[in-house]
Structure formats: structure tokens, C-alpha cells
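Structural features, examined
This is what each chain is made of:
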Amino acid sequence: MAASKLTLIGILVFTSAALLGQSADVSQKITVTFQNESLENALLRLDDLADRQLSYNPQILPSGVVINRSFASETPEIILNKILGDAYELKTIGNYIIIQKAPPPKKEKATFQISGGIKDATTGEELQDVSIYEVNSLRSTLSNEKGEFNLLAETNVSAATFVISKKYYQDTIIQVSQLKTLQGPIVLKQERESRFTESIRERVRTFSTGLSKFFTSNKVRKNAQNVNLVDTRMFQFSFIPSIGTNRKMSSQIKNKFSLNLIAGYAYGNRGVELGGFYNIDREEVRGVQIGGFGNTVGGEVHGLQMGGFVNTTKDYVKGAQIAGFINVASDSVNGFQMGGFSNITREMKGWQIAGFNNHTKHMDGVQMSGFINTAGDMEGFQLTGFINIARQVRGLQLSVVNWADTVASGVPFGLLNIVKKGGLISPAIESDEVVPYRLSFRSGLDKFYSVLSVGLQPGDYWTYGAGFGSRFFPLNKKTFFINPELRWFNVAEDKIKENENNYLVRFNFNLGYQLFKHLSITTGPSFNYYFTNHLSERGRPIIDIAGKTVLDRSTARYRHQLWIGYTIGIGF
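Residues numbered from 1 in each chain as written. Predicted model: local features only at pLDDT ≥ 70, side-chain atom pairs only at ≥ 80, totals over all residues. Heavy atoms only, no water.

1. Notes on unusual backbone geometry
- You will see that S73, though not glycine, has its phi angle at about 50 degrees, which is positive.
- Structurally, the position occupied by S73 is in strand β4 (residues 66–74).
- Overall, the relative accessible area of 44% leaves S73 in the partly exposed class.
- The phi torsion at D129 lies on the positive side, around 60 degrees, for a residue other than glycine.
- Topologically, D129 is positioned in the loop between β7 (110–120) and β8 (131–134). (Helix = DSSP H or I, 4+ residues; strand = E, 2+ residues; numbered from the N terminus. Buried < 20%, exposed > 50% of the residue type's maximum accessible area, 1.4 Å probe, protein only.)

Structure, rendered in C-alpha cells:
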């Protein structure tokens with residue numbers, strides 16, 4: 001067939017060995033000066049300097065254009081836009097920059113078609129599941145088991161650009177001006193190393209399972225594996241993935257505004273994404289993402305991610321994750337996580353708030369939950385309804401139970417505080433003027449610990465209570481110590497009766513001596529305040545525990561008594 005009658009304008013198969021197995025640096029900056037150079041020569045020089053290869057049909061370039069310009073530390077795209085002007089537009093596909101004429105305003109769409117077969121350049125094997133797509137309309141198809149395909153696309157450019165892509169193979173770019181059946185098979189050469197990094201492969205593997213597999217078709221997932229195109233569109237609307245304005249190429253498109261009636265699947269979002277049920281993005285989201293049920297992102301989130309049930313992010317979140325049930329950020333969160341049930345991340349800087357559980361390996365900020373917080377290294381504040389767990393604490397733990405491997409700074413504050421290394425764990429037998437027999441348990445740190453106690457006056461009454469105290473060693477030796485404590489007790493008869501309040505507050509100022517590692521003795525005065533509404537007809541306390549009082553007063557409902565007592569104890 002004569003060259004003048006060919007409708008195939010160019011078949012560009014890129015085989016440069018220098019590009020094999022490499023990924024272009026999209027942030028590359030170039031410094032270059034053009035002096036009285038033709039446009040053709042300027043593009044050749046830029047092609048040599050850039051990490052990415054230029055792809056264009058020389059017939060679409062204007063003749064007689066001379067370039068006299070200098071560029072200092074500019075990207076190839078900026079240089080091309082300035083020397084070509086508004087009459088041309090650029091498409092970036094993997095390692096290639098495609099130059100094509102910009103569509104004239106309000107031009108009617110033209111129909112373009114290619115069909116043919118695809119083989120492996122080395123083995124001659126027919127290649128199945130190869131992605132073929134048109135870069136402007138996003139029409140796409142896959143080759144069948146014989147390597148055959150047929151694709152028809154409508155676009156408003158003068159020449160349609162089709163790309164043939166398969167994972168671990170070099171891309172082939174074809175430009176056609178009208179209907180065309182290729183005369184021979186397209187041969188694809190394997191890349192020496194995949195352009196897909198391990199993280200991308202892992203994300204594709206992740207997104208081929210679970211909810212994304214449920215929502216997406218096999219063609220959409222194959223395109224996600226094969227295609228190295230990343231394009232940006234102003235707007236997209238979808239009913240479900242593959243049924244929408246981005247068609248089966250939705251996994252390769254970043255959207256500035258995305259509206260998904262039921263569910264959406266995109267490469268990423270830079271703006272606003274709204275989903276009636278679920279939003280799925282392979283890479284990063286910058287802006288606002290709201291899903292009626294949930295959101296899943298394979299990269300980073302910068303902004304707000306809000307799901308009625310669940311949010312999952314494979315990389316880090318800089319902003320806020322809010323879900324009715326659970327938030328998961330596999331890397332880190334710098335900002336705010338709020339989950340009705342649970343929050344999970346590797347590193348947290350900011351706030352974690354959950355109805356049941358927060359978990360992170362490193363916490364720098366505040367953890368608040370209804371039941372349990374767990375952290376590796378915790379710097380800041382842990383607050384929960386039942387238990388805080390951390391490996392190393394620098395800050396404050398506040399809960400019923402606190403557990404830490406070490407406390408580098410700060411204190412645990414709760415009824416039971418377990419510090420495995422350098423902590424204080426000390427059961428004790430005690431006696432005082434109120435009860436002759438008392439068991440106490442101290443836990444925490446020498447500088448601040450909690451104490452739980454239960455005591456008995458046989459045949460008369462019993463006491464139970466809690467408090468806190470401190471041990472410090474004025475002689476800088478772990479032998480003699482001073483041990484002040486503030487403790488609160490409820491005093492009860494055999495059965496606790498409603499509407500009877502018998503409360504005892506004791507301040508003990510003990511002196512102690514550490515005989516052995518797990519044996520100490522303490523003794524000292526105590527200052528006691530007792531108030532009760534359990535009174536006889538004459539106004540005396542029914543449970544009369546006061547010694548010689550220094551104050552004894554009655555009010556309308558209570559009897560108030562102050563006296564000085566003693567405490568003696570043996571700690572283990």
C-alpha cells in the first residue's frame with residue numbers, strides 16, 4: 001500500500017535500552033538555551049535531555065518556527081508548553097510525553113478504530129488480556145485468548161492516540177486518523193525490570209480482593225495492572241466502577257470532583273469525592289472524601305476522610321479520619337482519628353477517639369476510648385474507661401488499669417498501675433487504730449503510686465478503699481524512705497445498707513526502712529477525718545471508730561470527727 005494512502009500516521013515502539021527497567025523522574029528540572037534553532041531541533045535536544053521520551057508526529061508541527069529562549073530549572077512539560085503554545089496539548093503516559101494538537105473548540109467528535117493482534121516479540125506467543133485504550137476518550141478493551149482486539153473510539157482530536165499496555169511489557173503508542181485495521185500483529189517487548197514498583201504491585205494485589213473486587217469488573221482490574229497512564233480529569237460521575245464517565249479506565253484517572261451514585265473506583269482524587277455507598281482510590285486523596293458506608297485509599301490521604309462505617313488507608317493520613325465503626329491507617333495519622341468502635345494506625349500524631357479501642361505503635365498526642373488504648377511508645381495522654389497499655393510512656397496514663405513496660409517520664413494514674421521495669425509492686429499487711437487487720441496493694445512508681453485496701457474489725461465492721469502516695473529517699477539510698485499517703489475508705493457493717501454513708505479519709509505520714517528487696521517496714525502518725533449519717537437517736541455514730549477526737553461536730557445530717565492515729569505495716 002502506498003505511503004500516501006496509509007491512514008496509520010505513526011506506530012511508535014520505544015526500544016531504547018537506556019529506558020528499560022527505569023522509571024522516569026516526573027519532577028526532573030532542565031536548564032537549556034535555544035539560539036536560532038528550529039522547532040524540530042529544539043524538540044530533539046529536549047528529548048536527549050529529558051528522562052522521558054517525546055512522542056509526536058512530525059507532520060503536525062508548524063514549519064519555519066525558530067526558537068530563541070532560555071529555561072532555567074524547568075520541567076520538560078513547562079518548556080514544551082512555552083515553545084509549542086496553546087495549539088498543542090501534552091499527555092503523560094509512563095516514561096513518555098505525547099504531543100498532540102489541541103482540539104478546536106466545539107469540534108464534532110470523529111470516529112476512530114483499530115483492530116489487529118498482539119504477540120510477544122521474543123516468543124511469538126499471542127498475548128491475552130493486553131489493555132488497549134484511547135487516551136482522550138478513555139475507550140478501552142482487552143485482547144482475547146488469541147491476542148486479537150477491536151476498539152472503536154470517538155474523540156474531537158484530528159488523530160486519535162491508542163496505547164497498548166501490558167504488565168512487564170513496554171508500551172506501544174499508535175496514532176491513527178481514521179478507521180484502520182493493522183496489517184501485521186503488534187509485537188510487545190518485555191521490560192528487563194518492571195516499571196511497577198513493589199508498593200504498586202502490592203496495592204494492586206490488595207485492591208483485587210475484598211470490596212474493590214466486589215465492586216470492580218475483571219477488565220477494570222486488568223487495566224489497573226497493565227496501564228501506566230495517570231491522567232487528571234476535572235469531573236467524573238459513576239453509577240458503579242466501569243459504568244461512568246471514566247469508563248473502564250477509571251482506575252487510571254485522578255479526579256478533581258467525583259460523584260459516585262453507588263460506588264466509585266479511581267486512581268486518586270484532588271478535590272471532593274462523594275459516594276452514596278463506597279469510594280475506592282488506588283493512590284492518594286487530597287481534599288474531602290465522603291462515603292455513605294466507607295472509603296478505601298491505597299496511598300495517602302491529605303484532608304478529610306469520612307465514612308458511615310469504615311475508612312481504610314494503606315499509607316498515611318494528614319488530616320482527619322471519621323467513621324461510624326472503624327478507621328485504619330496502615331502507616332500513620334497526623335491529625336485526628338474518630339471511630340465509633342475502633343481506630344488503628346502504626347503511628348499517631350494528634351488525637352485518637354474511639355468508643356471501644358485505639359491502637360497505635362507510636363502515639364504522640366491524645367488517645368481516648370471507652371474501653372482500651374494500646375500503644376507502643378506513648379508520648380502525651382492516654383485516657384480510657386478500663387485499661388491503657390503502652391510499651392514506653394512519656395506522659396500521663398489515666399484509667400482504671402494502666403500497664404506499661406517502662407515509664408520514661410510522667411505517671412500512670414489509676415486504681416491499678418503495672419510498670420514492669422522500674423515500677424513499684426508491693427502487697428502489704430497493715431494495722432491501725434481503726435482495724436487491726438488490713439491488706440493493701442501498692443502499684444505504680446515510687447514517685448506516685450495507687451493503693452487498694454481492705455480491712456477488718458472482726459465481728460463489728462470492715463473497710464475498703466483506695467488512695468495514692470509517694471516514696472522518696474532523702475539519703476539517696478534505697479533503704480530509708482519517707483512515705484506520705486492519702487487514702488479514702490468506706491466503713492460498713494456485715495451488709496452494706498442503702499442511704500448509709502460512713503466515710504473515712506486518712507493522711508498517713510510514714511517512715512520506712514527497706515530490710516531486703518521484697519521486705520520493708522513502715523510506721524507513722526495518721527490524721528483522720530470521719531463523717532457519717534448512720535447515727536443513733538442520741539446522734540452518736542452507729543459505727544464508732546474515732547479515738548480521742550480533736551474535733552467532733554454535728555450538722556443537720558452528718559457527724560464530723562477529727563483525730564490523730566497511727567499505722568504500722570510490713571510490705572513485700
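2. Some remarks on the sheet that holds strand β6 (residues 96–101)
- One open sheet holds the three strands; their spatial order is β3-β6-β5, and the pairing between them is mixed. One side of each edge strand has no neighbouring strand; the edge strands of this open sheet are β3 (53–55) and β5 (88–93). Averaged over neighbouring strand pairs, the angle between their axes works out to 25 degrees when direction is ignored.
- Of the strands in this sheet, β3, β5 and β6 are in contact with helix α2 (residues 76–84), which crosses β5 at around 160 degrees. (Pairing = 2+ DSSP bridges. Axes fitted to C-alpha atoms, helices over the stretch in contact; angles between N-to-C directions. Contact = heavy atoms within 4.5 Å.)

3. Section: the confidence of the model for the chain
- With 90% of its residues at a pLDDT of at least 70, the chain reaches an overall mean of 86.
- Across the chain, the secondary-structure element scoring lowest on mean pLDDT is strand β1 (residues 8–13), at 31, and the one scoring highest is strand β34 (residues 437–444), at 97.
- Of the regions scoring below 50 in pLDDT, residues 1–23 engages in 45 contacts with residues more than four places distant in sequence or in other chains.
- Predicted confidence is poor over residues 195–209, with pLDDT under 50, and the contacts of this stretch with residues over four places away or in other chains come to 45 contacts. (pLDDT = per-residue confidence, 0-100.)

4. Describing α2
- For α2, the complete set of buried residues consists of P76, E77, I79, L80, I83 and L84. Within α2, the buried residues cover an arc of 160 degrees as seen down the axis, which keeps them to one side.
- Against β2 (30–38), α1 (39–49), β3, β4, β5 and β6 lie the buried residues of α2. (Arc of directions from axis to C-beta.)

5. Remarks on the packing of aromatic side chains
- Across all of its chains, the model carries 21 aromatic pairs by this definition.
- Between the aromatic rings of F325 and F341, the centroid separation amounts to 4.9 Å while the plane-to-plane angle is 5 degrees, which identifies the pairing as stacked. In this pair, F325 sits in the loop between β25 (317–323) and β26 (326–339) while F341 sits in the loop between β26 and β27 (342–354), placing the two residues 16 residues apart along the sequence.
- The class for F341 is partly exposed, based on a relative accessible area of 34%.
- Ring geometry for F413 versus F448: centroids 5.3 Å apart, planes at 20 degrees, classification stacked. Residue F413 is found in strand β31 (residues 401–413), and its partner F448 is found in the loop between β34 and β35 (449–457); the two are separated by 35 residues along the sequence.
- Owing to a relative accessible area of 36%, F413 belongs among the partly exposed residues under this scheme.
- Here the aromatic residues F277, Y278, F293, F309, F325, F341, F356, F371 and F386 are joined through ring pairs into a cluster of three or more.
- Lying over the aromatic face of F481, R471 brings its terminal NZ or CZ to 4.7 Å of the ring centre. (Phe/Tyr/Trp six-rings, centres within 6.5 Å; stacked < 30°, edge-to-face > 60°. Lys NZ or Arg CZ within 6 Å of the ring centre and 35° of its normal.)

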